[in-house]
Amino acid sequence: MYSFKMSSRQTCPRTCFCKHKYFSCCCPSLIPSRETARFYLLFVLIALYMLAGAAIFSSLERPAELQAHLLWERRLQDFRHEHNISYEDLKSLLHHYEEARTAGIRTEQGRALWDIPGAFYFVGTVVSTIGFGVTAPSTLTGKVLLVFYGLLGCSSTILFFNLFLERVITLLSFLIFWCHRRRGGHSGLEDSDGNRNEEWKPSVYQVTLILFVAVLLVACGAASLYSAMEGWSYLESLYFCFVAFSTVGFGDFVSGQREHHEDTRVYQVGNCLLMLLGVCCTYSLFNAISVIIKQGLNWMLRTLAWMYSGICNYRLQLRPLFKLCFSDSEPPKCYCEDNNPHRQQVQAVSC
Amino acid sequence: MAQRRAAGGCCCPRAPMNEDNARFCLLAGLILLYLLCGAAIFSALEHPFELRARRLWKQQLDNFTQRYRVNLGALHTLLRQYEEANGAGIRVDTLRPRWDFSGAFYFVGTVVSTIGFGMTTPATIAGKIFLIFYGLIGCAATILFFNLFLERIITMLAYIMRWCHERRLRCAGVGVVSSREESSGEEDSLEGWKPSVYYVMLILGVASVVIACSASTLYSSMENWSYVDSLYFCFVAFSTIGFGDLVSSQRQQYESQEAYRLGNCLFILMGVCCIYSLFNVISIIIKQTLNWIVGKLVCSGRHKRLPAHLRQKRSVDTVCDSETDAGAVAVGRRLSGEMISVNEFMVSNKVSLALLQKQLSETAHQGPRQSYSHQNGFSGGVGALAIMNNRLQETSVDR
């Protein structure tokens, strides 16, 4: 089913050696196509990344968690003894409080959750898939409606982000082209390659850098606003900005939930706009970084394939007379060495 | 380019730039409208419940203070402390540890997939800072993973289409040999095979529903949620919204705990992949609708043909709109249709194309310059739209 990914348009150059000729013992049917291999490789790498991250976070946070447990136990005991209340009754009150929390009630009087501005904030967190969780539907109808509403809304918003990404890249390539034109003047390189170079595109590294700077600017600006209006520290505001803009949206910090703000309306509108801008830029940044990661994967695959071909070559040299997997009917599969310029054709085709 | 546009009976050459911006703004306006309607409907549904819940809580609080003669202020202090404990993940019933290895793994999973339930959040400063850098790479890699998954799905469907076609040929008695000779490489033979976006959407929709329903049966049995609640949780988790009001696998003890945790992990992974792909495929359809609307508005008088045939067999007739369709590219693997405008700008300003030869590719081992448009990181485009670009019937253009 799988064959090693090759562009068939090229002829086998002389530097290639054909497995078919040497009765390869490395059964080619087990080699996945380049794209499938890349997919699995990425899966493995992400799994490793997650395991490493879990270990690091666990070591960072576990002590604080144990401390918080002890602290809460102590406070509960103190309260019980002070007011002479049974554990069961206190527990039932706290259960009620938990239920109230899911309906959005907090000890500090926050703003109403389901008035029109609150509901607008809610649907905003739904379609952008941030999903803070401060407001979540409690009724059955609301939950069912959310599924259908979210289906269409999230698709449209993903389209919006993707179109924004395209617009940003167009704009950036335009700007970079302008800068180079300014700097380059009319250097006398002749256009010998003809129409092939019409399609000028910016480098992914440039775009990533520019997007990164943009995200940093938006995040720092937003963080200063939030730390002023919400009373968080600057670091907490930065953390909130990252969590919101990447659409992770934990919900431990949520902006715009306090009841009294001077110029509440202005702040709320500014909050929405900042979040929108931040999410768009961060989404674009993620996609740009993913292009770099994809190239890294391609490089890793090439290295692995090169090592694999080295091993195969080694085995072939050791056992030239063994006909282990000999098949006449198979078309010759040409495997080209790493430094062959035709590889780039392969890369282009399968990229 | 120009002749194709003339043949399509299209409008002024500056139109592509305006059309793309028009489409973007139109989409923004429609989403805003959608949000306002949604806000009104949800508010009408949920506001009464909220008021009722507030009244109920106030009643319970009053009962409690009266029964035990507790000072309300002291009770509020306790509740605030409880909220603080909630932030560290403590609940009245003992839950599984937050930050042991498996809990941290669950947390990291919610971060890189951007679900973000919020049942576990870093409390230390170091944790928060590390999260920012960790999430930057992790989320990008996971977005790439989802995009590649979508690509694999489309390739698999194209492969199935070709297999069905070959089988039909075989049954009809035509030799397979001839078709084998035509299709010299796997990639080549798949080139003409482009599934329709509706076909892909159907497959993904069915897969999502199957995964959601089976996951819901698991959750409703293990977590004692109602089936509707489990379905709701499945949707919220798989779409990466992740409210956190319902979170699976939080209790300290389950029967067959390890199997349940593994199943939870796998279900969430498969569910997010399918729903993410489904969202992207639906976005293609929305984009076509937008193109159609923009086409109606912009090229209203001068259109000779209906834009954007929604069902094509192999190749799409190039019409005015389909050039700007889905980041559709004209020849070769361009970044997007918007690049046309840069070309025209250059041509119209008589800028030497030699300037554009300046190669800005990023990889060190660059070969000769000729095909540098392929070596550039943005060949084939960026993002999910680019993944689907030229792989579906509705997003392909004549080469």
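Residues numbered from 1 in each chain as written. Chains lettered and ligands numbered in written order. Predicted model: local features only at pLDDT ≥ 70, side-chain atom pairs only at ≥ 80, totals over all residues. Heavy atoms only, no water.

A. Fine view of the UniProt feature "domain: Potassium channel" (unreviewed entry) in chain B. All names here are of chain B. Here, UniProt's "domain: Potassium channel" (unreviewed entry) annotation points to residues 96-153 and 209-286. As a span, residues 96-153 carries 71% helix and 0% strand, and end to end its C-alpha atoms are 36 Å apart. Between the C-alpha atoms that bound residues 209-286 there is a distance of 21 Å. The span itself is 72% helix and 0% strand. (UniProt positions renumbered as here; feature names shortened; annotations may be inferred. Helix = DSSP H or I, 4+ residues; strand = E, 2+ residues; numbered from the N terminus.)

B. Geometry of the UniProt feature "transmembrane region" (unreviewed entry) in chain A. All names here are of chain A. When the UniProt feature table is mapped onto this chain, "transmembrane region" (unreviewed entry) is found at residues 39-60, 119-140, 146-179, 204-226, 232-251 and 272-293. Taken end to end, residues 39-60 is 100% helix and 0% strand, and its first and last C-alpha atoms sit 31 Å apart. Taken end to end, residues 119-140 has its terminal C-alpha atoms 17 Å apart, with 45% of it in helix and 0% in strand.

C. Molecular detail of the side chain of Ser230 of chain B. Residues and elements named next belong to chain B. Relative to the helices and strands, Ser230 resides in helix H9 (residues 227-238). Judged by its relative accessible area of 0%, Ser230 falls in the buried class. Not counting the four nearest positions on each side in its chain, Ser230 is found in contact with Ser216, Tyr219, Ser220 and Trp225. (Buried < 20%, exposed > 50% of the residue type's maximum accessible area, 1.4 Å probe, protein only. Contact = heavy atoms within 4.5 Å.)

D. Structural context of the packing of helix H1 (residues 34-83) of chain A against helix H3 (residues 72-87) of chain B. Direction vectors running N to C along H1 of chain A and H3 of chain B enclose 160°, while the axes themselves pass 10 Å from each other. The orientation of H1 of chain A relative to H3 of chain B falls into the category roughly antiparallel. Viewed along their axes, H1 of chain A and H3 of chain B form a crossing whose handedness is left-handed. Contact with H1 of chain A, carried on its side by Trp72, Arg75, Leu76, Phe79 and His83 of chain A, involves Ala74, Leu75, Leu78, Gln81, Tyr82, Glu84 and Ala85 of chain B of H3 of chain B and no other residues of that element. Looking at the contact of H1 of chain A with H3 of chain B, its residues break down into 8 nonpolar, 2 polar and 2 charged. (Axes fitted to C-alpha atoms, helices over the stretch in contact; angles between N-to-C directions. Parallel < 35°, antiparallel > 145°, perpendicular 65-115°, else oblique. Left-handed = near helix turned anticlockwise from the far one by under 90°. Nonpolar A, V, L, I, M, F, W, Y, C, P; charged D, E, K, R; others polar.)

E. Just the interface of chain A and chain B, in detail. With 165 residues of chain A at the contact, the number on the chain B side is 163 residues. Together chain A and chain B conceal approximately 15,500 Å² of surface at their shared face, both sides included; 70% is due to carbon and sulfur atoms. At the junction of chain A and chain B, the tally comes to 7 salt bridges. Scanning the region where chain A abuts chain B turns up 22 residue pairs in polar contact (both at pLDDT 80 or more). Among the secondary structure elements, those contributing two or more residues to the side of chain A that touches chain B are H1, helix H2 (87-102), helix H3 (116-127), helix H4 (140-184), helix H5 (204-230), helix H6 (234-245), helix H7 (264-318) and helix H8 (343-350) of chain A. Looking at the side of chain A that touches chain B element by element, the count peaks at 36 residues for H4 of chain A. Its residues assigned to classes, the side of chain A that touches chain B shows 89 nonpolar, 44 polar and 32 charged. (Buried area = accessible area lost by both parts, 1.4 Å probe. Salt bridge = Lys/Arg side-chain N within 4 Å of Asp/Glu carboxyl O. Polar contact = N/O pair within 3.5 Å; in protein donor to acceptor, adjacent residues only side chain to side chain.)

F. Structural context of the pattern of salt bridges. Counting across every chain of the model gives 11 salt bridges over all chains. For the salt bridge of Asp20 of chain B with Arg23 of chain B, the shortest nitrogen-to-oxygen distance reads 2.8 Å. Placement of both Asp20 of chain B and Arg23 of chain B in helix H2 (residues 15-68) is noted, with a separation of 3 residues, approximately one turn of the helix. Like Arg23 of chain B, Asp20 of chain B is buried. The salt bridge partner of Lys58 of chain B is Asp62 of chain B, with a shortest N-O separation of 3.8 Å. Here Lys58 of chain B and its partner Asp62 of chain B are both found in helix H2, 4 residues apart, which amounts to about one turn of the helix. By relative accessible area, which is 53% here, Lys58 of chain B ends up exposed. Each of the salt bridges in this network shares a partner with another, and the network as a whole consists of Arg167 of chain A together with Asp20 and Arg23 of chain B.

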